[in-house]
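The primary structure of each chain is shown beneath.
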Amino acid sequence: MSNTDTTDQTPGRTQARTPGPWDAKPEATSARETAPAPAVDAPVEKDQSLVWAMLSTALMGGFLWWITGSAIVAGAVLIGLFVHEAGHALAMNKLGMGPARIYIIPFLGGLAKARREPKSEWDGVLVSLAGPAFGLLAMIPFVGVWMVLGQGEWLMGAFFIATLNLVNLVPAPPLDGSKALGPVLTRVHPRLEQIVLLVIGVAVVWWGLTTGRFILAAFLALSVFSHLKRGVWRAAWGTLSWPEAGKSLALYLLTLAVCAAAAVGALMPMTGGDPAGAVQLGLNYLGFGR
């Protein structure tokens, strides 16, 4: 018998093996079993570099100046874009999705990107509508300057800020309207969102092509196509409850009405206070004139 063998040889008693040098120590095993796994957080998105941020903003401003023919209107749209995306970012941070980042995409617009997914569809709806609602605040300084100087170009700047937020409420991917109204349609049936947003998306692309807005049309066409490849879009998200769907629809319609009223109101001084004339003037600017 080896002097290292300390097994009890008493008849009828279970023999237990002495732990060897390669066996894990009991306290180490216990520590491994009870220690919680370290929390893994999502990687933090890098901010745009200062050079690229300035360059992309300059490119966007120059592009807007080129298509509008007015430095004031171009500046208004650029400021409105920043305020719009800031509204999304503030909502993301408030709802625990931050820290949010804002990116300027030359020739296309802006993007507010969250670090985390929303906790629920309802939070996603609030984030999507925060941009258009908050973005209307950018109209205030332009209306104020018009009241002092009386130059209609400042009102046009305010009108295009309102239009920027109004167009974003069109329920066509990837615009904010699709993210606000889409969950409501999914509550009825998952495929209904695809059908409705596809029809509206095709209509918006056709509008862009027929009015000469080719960059916008191409961008929306690519977005609609990429969304179609996703299949049932919100299967992993779950759906809104019926009360949440009702609140989402009401909030969407309210935001839509406020943005439309702001756009018409900005043009009314130019039509002698005539709302119908302001609506027609706005439609002419958007390419829907007779």
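Residues numbered from 1 in each chain as written. Predicted model: local features only at pLDDT ≥ 70, side-chain atom pairs only at ≥ 80, totals over all residues. Heavy atoms only, no water.

Engineer: How would you explain unusual backbone geometry if you had to name every residue and give the values?
Structural biologist: Cis geometry is found at the peptide bond from Gly-98 to Pro-99, where omega equals 5 degrees. As for its position among the elements, Pro-99 is in the loop between α3 (71–94) and β1 (101–105). Omega for the peptide link from Pro-173 to Pro-174 comes to 5 degrees, which places this bond in the cis form. (Helix = DSSP H or I, 4+ residues; strand = E, 2+ residues; numbered from the N terminus.)

Engineer: Describe the packing of α3 against helix α6 (residues 152–167), naming the residues involved and giving the relevant values.
Structural biologist: When two helices pack together, you describe them by how their axes are tilted relative to each other and by the distance separating the axes. For the pair α3 and α6, interaxial distance at closest approach is 8 Å and the crossing angle is 35 degrees. As α3 runs across α6, the sense of the crossing is right-handed. Contact residues: α3 offers Ile-72, Val-73, Ala-76, Val-77, Gly-80, Leu-81 and His-84, while α6 offers Glu-153, Trp-154, Met-156, Gly-157, Phe-160, Ile-161, Leu-164 and Asn-165. For the contact of α3 with α6, a count of residues per class yields ten nonpolar, four polar and one charged. (Axes fitted to C-alpha atoms, helices over the stretch in contact; angles between N-to-C directions. Left-handed = near helix turned anticlockwise from the far one by under 90°. Contact = heavy atoms within 4.5 Å. Nonpolar A, V, L, I, M, F, W, Y, C, P; charged D, E, K, R; others polar.)

Engineer: A description of the side chain of Asn-168 should follow, citing residues and the corresponding values.
Structural biologist: Its place among the elements puts Asn-168 in the loop between α6 and α7 (176–188). Of the polar contacts made by the side chain of Asn-168, one reaches the backbone oxygen of Leu-164; its length is 2.9 Å. Sequence-distant contacts of Asn-168, defined by excluding residues within four places in its chain, comprise His-84, Leu-175, Asp-176 and Gly-177. (Polar contact = N/O pair within 3.5 Å; in protein donor to acceptor, adjacent residues only side chain to side chain.)

Engineer: Give a description of the confidence of the model for the chain that names residues and reports values.
Structural biologist: With 78% of its residues at a pLDDT of 70 or more, the chain has an overall mean of 81. Looking across the chain, the model is least confident in helix α1 (residues 26–34), with a mean pLDDT of 43, and most confident in helix α5 (residues 139–149), with 97. Taken together, the stretch residues 27–41 has pLDDT below 50 and engages in four contacts with residues farther than four places along the chain or on a different chain. (pLDDT = per-residue confidence, 0-100.)

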